Amino acid sequence: MSNAAERLAALDSLPAADLCALATDTLESLVVAINQETTLLRAGRAREAGELTAEKTRLAQDYMGFARSVQRQAARLRAEAPAQVDNLLARHDKLATQMAENLRVIATARTVTEDLLTDVARSISAKANPKTYGATGQLSGHPPQVASGVSLNRAL
């Protein structure tokens, strides 16, 4: 196994077209994973979307390694493979747009989940409120307390 410096040198010494192709292929795979995650989250299938996390993370790390190499070798790549560099840059811009959409969907899913859990906690608290009046005309018993936690039965 080579060390990090050797891996970087090997990557930086790849022919221009090969480096661009590796970066583009990894970028395309990352886009597919992000689109799958976004689609699953929109459909309310968060558990399935979560199963894509490891692959998406690996692809993002791989792509960042290739992107850094492309940055380091930009002048050489522009001279040797200008069309591939332009293609990669266009796809990179598309990735930024798709990531922004993915983040919006994730934020929406999080908000919906938080709202749902808050509503469940309030509902549980309301059921725990006393339902009888004492001699003073006030509700008897302890004052209502907000539910401090929610338990989920995953077997259902």
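Keep in mind the model is a prediction, meaning the values are calculated, not measured.

K.L.:
Mind showing me how you'd approach a nonpolar patch on the surface here?
P.N.:
Together, Leu-116, Val-120 and Ile-124 give the surface a local cluster of nonpolar side chains, amounting to about 240 Å² of exposed area. By the secondary structure assignment, Val-120 is in helix 6 (residues 82-128).

K.L.:
Sorry, what's going on with the nonpolar core here?
P.N.:
Soluble globular proteins: nonpolar side chains tend toward being buried together. Ranked by internal contacts, the top residues of the largest apolar core, which has 20 residues, are Tyr-63, Leu-77 and Leu-95. Among the secondary structure elements, those contributing two or more residues to this core are helix 2 (16-42), helix 4 (53-72) and helix 6. The element that contributes the greatest number of residues to this core is helix 2, accounting for nine residues. In this structure, Leu-40, Leu-41, Leu-52 and Val-105 belong to the second largest nonpolar core, which totals five residues.

K.L.:
Which parts of the structure should I look at to understand the pattern of salt bridges?
P.N.:
Side chains carrying opposite charge are able to pair once their charged atoms draw close together. Per the stated rule, a full pass over the model turns up 11 salt bridges. The salt bridge partner of Glu-48 is Arg-45, with a shortest N-O separation of 2.6 Å. The closest approach of N and O atoms between Glu-80 and Arg-76, which form a salt bridge, is 3.3 Å. One end of the pair, Glu-80, and the other, Arg-76, are both in helix 5 (residues 74-80), four residues apart, so they sit about a helical turn from each other. Residue class for Arg-76 comes out partly exposed when judged on its relative accessible area of 23%.

K.L.:
Before we go on, may I ask you to explain the side chain of Ser-69 in this structure?
P.N.:
Structurally, Ser-69 is set in helix 4. The exposure class of Ser-69 is buried, given its relative accessible area of 0%. If we skip the residues at most four places from it in the chain, Ser-69 touches Leu-11, Asp-12 and Leu-19.

K.L.:
Quick question: what am I supposed to make of the packing of helix 1 (residues 4-12) against helix 4 here?
P.N.:
Two measures define how a pair of helices packs: the angle their axes make with one another and the distance between the axes. Following both chains from N to C, one finds helix 1 and helix 4 inclined at 60°, their axes separated by 10 Å at the closest point. With respect to each other, helix 1 and helix 4 are oriented oblique. Of the two possible hands of crossing, helix 1 and helix 4 adopt the one that is right-handed. In this structure, helix 1 contributes Leu-8, Leu-11 and Asp-12 to the contact, and helix 4 contributes Gly-65, Phe-66, Ser-69 and Arg-72.

K.L.:
Could you clarify how one ought to interpret the environment of Ala-83 in this entry?
P.N.:
Locating Ala-83 in the fold gives a position in helix 6. On the basis of relative accessibility, which here comes to 54%, the residue Ala-83 falls in the exposed class. Measuring from C-alpha to C-alpha, the distance between Ala-83 and Ala-17 comes to 9.3 Å, with 66 residues separating the pair along the chain.

Cut-offs applied
Residues numbered from 1 in each chain as written. Predicted model: local features only at pLDDT ≥ 70, side-chain atom pairs only at ≥ 80, totals over all residues. Heavy atoms only, no water. Patch = residues over 30% accessible without salt bridge, like charges linked within 9 Å, V, L, I, M, F, W, Y side chains within 5 Å. Areas by Shrake-Rupley, 256 points an atom, 1.4 Å probe, with all protein chains shown as cover. Salt bridge = Lys/Arg side-chain N within 4 Å of Asp/Glu carboxyl O. Helix = DSSP H or I, 4+ residues; strand = E, 2+ residues; numbered from the N terminus. Core = buried A, V, L, I, M, F, W, Y, C linked by side-chain atoms within 4.5 Å. Buried < 20%, exposed > 50% of the residue type's maximum accessible area, 1.4 Å probe, protein only. Contact = heavy atoms within 4.5 Å. Axes fitted to C-alpha atoms, helices over the stretch in contact; angles between N-to-C directions. Parallel < 35°, antiparallel > 145°, perpendicular 65-115°, else oblique. Left-handed = near helix turned anticlockwise from the far one by under 90°.

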